[in-house]
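What follows is each chain in one-letter form.
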Amino acid sequence: MKMRPLLKNPDEYNDPPRPFLEHIVALRACLINAVIAWALSCLVVGIFSPHVLGWLKSPAEALMKAGKIEIVSLNITGGFSQIMSIAMWGGTALSFPFVMYFILRFIFPALTKREKAAILFFLLAGAGLFGVGVCFAYGQLAPNVVRFFDVVNHWVGLSVTQVQIENYVPLILKLVLAFGLVFQVPLLLFVLGWLGVITSEQLRAWRRFAIVFAFFLGMVLTPPDPMSQMLMAGPLVLLYELSIWGVRLKEICTGEGAKKDSGESK
């Protein structure tokens, strides 16, 4: 029953307008709740930081078991700095759903039903793609990147037996978070197409630029080795193609594709 108004008139506003002062009070509550959620998430992740650190060290486990490298810290404050770093990054990621919930509670009254549905779809699908990107980077890319640098060090004649934790953890975090975030780009294109902002023809025309941009992101967001750059650019190009077909399917289902074909024939 609740889906019928959305299907009948998706551009309808089903929330009454509110006074300006009430908007200010709602914005203040939104910001306070978001900050509290972020602080509590950082605290929770900080408590479990030893387990998170063990999870981050897992990609180098094969080299550590073989006795090739040892992850150490040369600073007496190394443990504390890692706790703070993990708490900040992990708390931000953990608090994201709660922060978005408070933000959506504030902005939803000003949106149409069509826009609300698009945002909810973007959040749910974005969370799924973020998880896929993180799992792919952690399970496939990170171990290969660590082995790649070990091979390069031996090839140039460097014996790297001790790796500083201050250099290792940012490397793994950068890989994991970069893949999770970059995987949102094709989803954003699909949502823009679903809203009618862009068309499948425009996405096809931008394909060459998108491929170049994918490899540029792979060069900037990954370590300076061709393998990791290819592993980031390849899935991005594939997701871009899927977004083209997704927008095209939406145009066919809504009749926009047929209207365009008839207009071109005339």
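What counts and what doesn't
Residues numbered from 1 in each chain as written. Predicted model: local features only at pLDDT ≥ 70, side-chain atom pairs only at ≥ 80, totals over all residues. Heavy atoms only, no water. Helix = DSSP H or I, 4+ residues; strand = E, 2+ residues; numbered from the N terminus. Buried < 20%, exposed > 50% of the residue type's maximum accessible area, 1.4 Å probe, protein only. Contact = heavy atoms within 4.5 Å. Salt bridge = Lys/Arg side-chain N within 4 Å of Asp/Glu carboxyl O. Axes fitted to C-alpha atoms, helices over the stretch in contact; angles between N-to-C directions. Parallel < 35°, antiparallel > 145°, perpendicular 65-115°, else oblique. Left-handed = near helix turned anticlockwise from the far one by under 90°. Nonpolar A, V, L, I, M, F, W, Y, C, P; charged D, E, K, R; others polar. Core = buried A, V, L, I, M, F, W, Y, C linked by side-chain atoms within 4.5 Å. pLDDT = per-residue confidence, 0-100.

Enquirer: Residues and numbers for the overall build of the protein, please.
Expert: When helices and strands are tallied, the protein shows 12 helices and 2 strands. Ordered by position from N to C terminus, the α and β elements of the protein give α-α-α-α-β-α-α-β-α-α-α-α-α-α. The proportion of buried residues among the 266 residues of the protein is 32%. The contacts in the protein between residues at least 6 apart in sequence include a share of 84% that link residues at least 24 apart.

Enquirer: Which residues make up helix α8 (residues 185-194), and what are the values?
Expert: What α8 keeps buried is the set P186, L187, L189, V191 and G193. The first or second residue beyond α8 is G196, which carries a positive phi of 85 degrees.

Enquirer: Pulling in residues and values, what's your account of the pattern of salt bridges?
Expert: Enumeration over the complete set of coordinates arrives at 3 salt bridges. Here E61 makes a salt bridge to K65, at a shortest N to O gap of 3.1 Å. Here E61 pairs with K65, and both are found in helix α4 (residues 61-65), just 4 residues apart, close to one helical turn. According to the relative accessible area criterion, K65 is exposed, its value standing at 67%. E241 is the salt-bridge partner of R207, the closest N and O atoms lying 2.6 Å from each other. In this pair, R207 sits in helix α10 (residues 207-221) while E241 sits in helix α11 (residues 226-254), placing the two residues 34 residues apart along the sequence.

Enquirer: Tell me about the packing of helix α6 (residues 113-155) against α8, and please be specific about residues and values.
Expert: Packing of α6 against α8 leaves a shortest axis separation of 10 Å and a crossing angle of 160 degrees. As far as their axial angle goes, α8 and α6 are roughly antiparallel. Our pair here, α6 against α8, has a crossing hand that is right-handed. Across from R114, A117, A118, F121, F122, A125, G126 and L129 in α6, the residues of α8 making contact are L187, L188, F190, V191 and W194. Class assignment of the residues belonging to the contact of α6 with α8 gives a composition of 11 nonpolar, 1 polar and 1 charged.

Enquirer: How would you summarise the nonpolar core if you had to cite specific residues and measurements?
Expert: Judged by nonpolar contacts, the single largest core of 31 residues is most densely connected at Y168 and I172. Elements that contribute at least two residues to this core include exactly α6, α7 (165-182), α10 and α11. Among the elements that take part in this core, α7 stands out by supplying 10 residues, more than any other. Sequence-distant contacts of I172, that is, excluding residues within four places in its chain, are made with L56, P59, A142 and V146.

Enquirer: Explain the confidence of the model for the protein to me, and be specific about the residues and the numbers.
Expert: Per-residue pLDDT for the protein has a mean of 78; in total, 85% of the residues score no lower than 70. Within the protein, the lowest mean pLDDT, 44, falls on helix α1 (residues 3-8), and the highest, 89, falls on helix α3 (residues 49-57). For residues 1-7, every residue scores under 50 in pLDDT, and the model assigns this stretch 5 contacts once sequence neighbours within four places are set aside. pLDDT under 50 marks residues 261-266. Its contacts with residues more than four places away, or in other chains, come to 1 contact.

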